[in-house]
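If you want the building blocks of each chain, they are given just below.
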Amino acid sequence: MNSLPPPPDPLLLPVRDPRGRDLVLDYAEMHALVADLVLPVGASMYVMSAMETSRELIRHSYYRYEFATVAVTHSPFALEHVLAERLATNEPLHVLIEQATDAELITAGLATELDRSRLLREKLTQGAASSAALRPNRAVEMVRAALYAISPLLRSPSAAETTAPDVGGAQSEGRLARLWKDHLSALFPDGFRGVDFDGVDLVLLDADVAGLVQRELKGGLDDTGIAYLWGCITDLDKIVPLINEEYCTSYFARLRTMAQVAAAPYIPTAT
């Protein structure tokens, strides 16, 4: 008599949610849909985690339509955190939005859009709306609004008054040197040597960014180095959300911040 338990069912791969079939042709097009939902330099791990979770929920709404609505209800956590820190108060989110508007930290139009996300979260809590309330493309617009509000708030009040040409000055150089010093003292994530995500080898990416940062600190990058650095930043934007281990995620998030600071002097000034 065979006393072994029956074999488990074969792993079922996710299938496309038919409710979003008229939005994109395939899953690859979801990447383009959320491509601009990226935080700038200066975000804390908490804020970065919240916003990147919102972005990835929208991306994966290809498989589960409701994820798009959940993404919008998640982004206000980051917004509330940043506003509370900038305004030095611990009020509810709707009060923080009002105070930020009064202080001209955000525009009235943006405040209205941000409040829609807050109200949606409340409606879900009260059972007045379902988790299928939003289409993914509308979710992108609402999460993007949170990013528009958060991005300038990540700068200190003094930095916010600094003009664009100062980005590549001594202040930026000093920050890059500090980030480089911290990076040298950080251990590469244990167990991730030889690992790649989406075709990006983690060890090689780490070494490439380190080499480019050293060149920037020693005298600046040429056109080839600048292009190579932006390619590394693109790879970091792609792989950081895919890493599912806390230390490894924080290591490569810091690497991304360092790469972005190194690239900042080469961002053209808006005209």
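Residues numbered from 1 in each chain as written. Predicted model: local features only at pLDDT ≥ 70, side-chain atom pairs only at ≥ 80, totals over all residues. Heavy atoms only, no water.

Enquirer: Can you walk me through the packing of aromatic side chains in this structure?
Expert: Given two aromatic rings, one states the distance between the centres and the angle between the planes to describe the pair. Evaluation of the coordinates by the stated rule reveals seven aromatic pairs. Arranged with centres 5.9 Å apart and planes meeting at 85°, the rings of Phe188 and Phe252 form a pair that is edge-to-face. Taken together, the positions of Phe188 in the loop between α8 (170-185) and β1 (196-197) and Phe252 in helix α11 (residues 246-263) put the pair 64 residues apart, joining distant regions of the chain. Across the pair, exposure class does not vary: Phe188 and Phe252 are buried alike. Each residue in the set Phe188, Tyr247, Tyr251 and Phe252 is aromatic and connected to the rest through ring pairs, giving one cluster. Here the basic side chain of Arg121 rests over the ring of Phe77, its NZ or CZ set 4.9 Å away from the ring centre. (Phe/Tyr/Trp six-rings, centres within 6.5 Å; stacked < 30°, edge-to-face > 60°. Helix = DSSP H or I, 4+ residues; strand = E, 2+ residues; numbered from the N terminus. Buried < 20%, exposed > 50% of the residue type's maximum accessible area, 1.4 Å probe, protein only. Lys NZ or Arg CZ within 6 Å of the ring centre and 35° of its normal.)

Enquirer: Help me understand helix α6 (residues 136-153), please; the structure alone is not making it clear to me.
Expert: Structurally, the α-helix is built with 3.6 residues per turn, so residues lying three or four positions apart point the same way. Compared with an ideal rise of 1.5 Å per residue, which puts 18 residues at 26 Å, α6 spans 26 Å between its outermost C-alpha atoms and is within 8% of the ideal. Buried within α6 are the following residues: Pro136, Ala139, Val140, Met142, Val143, Ala145, Ala146, Leu147, Ala149, Ile150 and Leu153. Close packing links the buried residues of α6 with α1 (28-33), α2 (45-59), α3 (67-87) and α5 (108-126). (Expected span 1.5 Å × (residues − 1). Contact = heavy atoms within 4.5 Å.)

Enquirer: Help me out: how do you make sense of the nonpolar core in this one?
Expert: Where a protein is soluble and globular, its nonpolar side chains tend to be buried together. Counting residues in hydrophobic clusters, the biggest one holds 39 residues, and the most contacted among them are Met51 and Leu114. Among the elements of the structure, α2, α3, α4 (93-102), α5 and α6 are those that each provide at least two residues to this core. Excluding residues within four positions of it along the chain, Met51 makes contact with Leu39, Ser75, Ala78, Val143, Ala146, Leu147 and Ile150. Listed in part, the 32 residues of the second largest apolar core include Phe188, Ile243, Cys248 and Val261. (Core = buried A, V, L, I, M, F, W, Y, C linked by side-chain atoms within 4.5 Å.)

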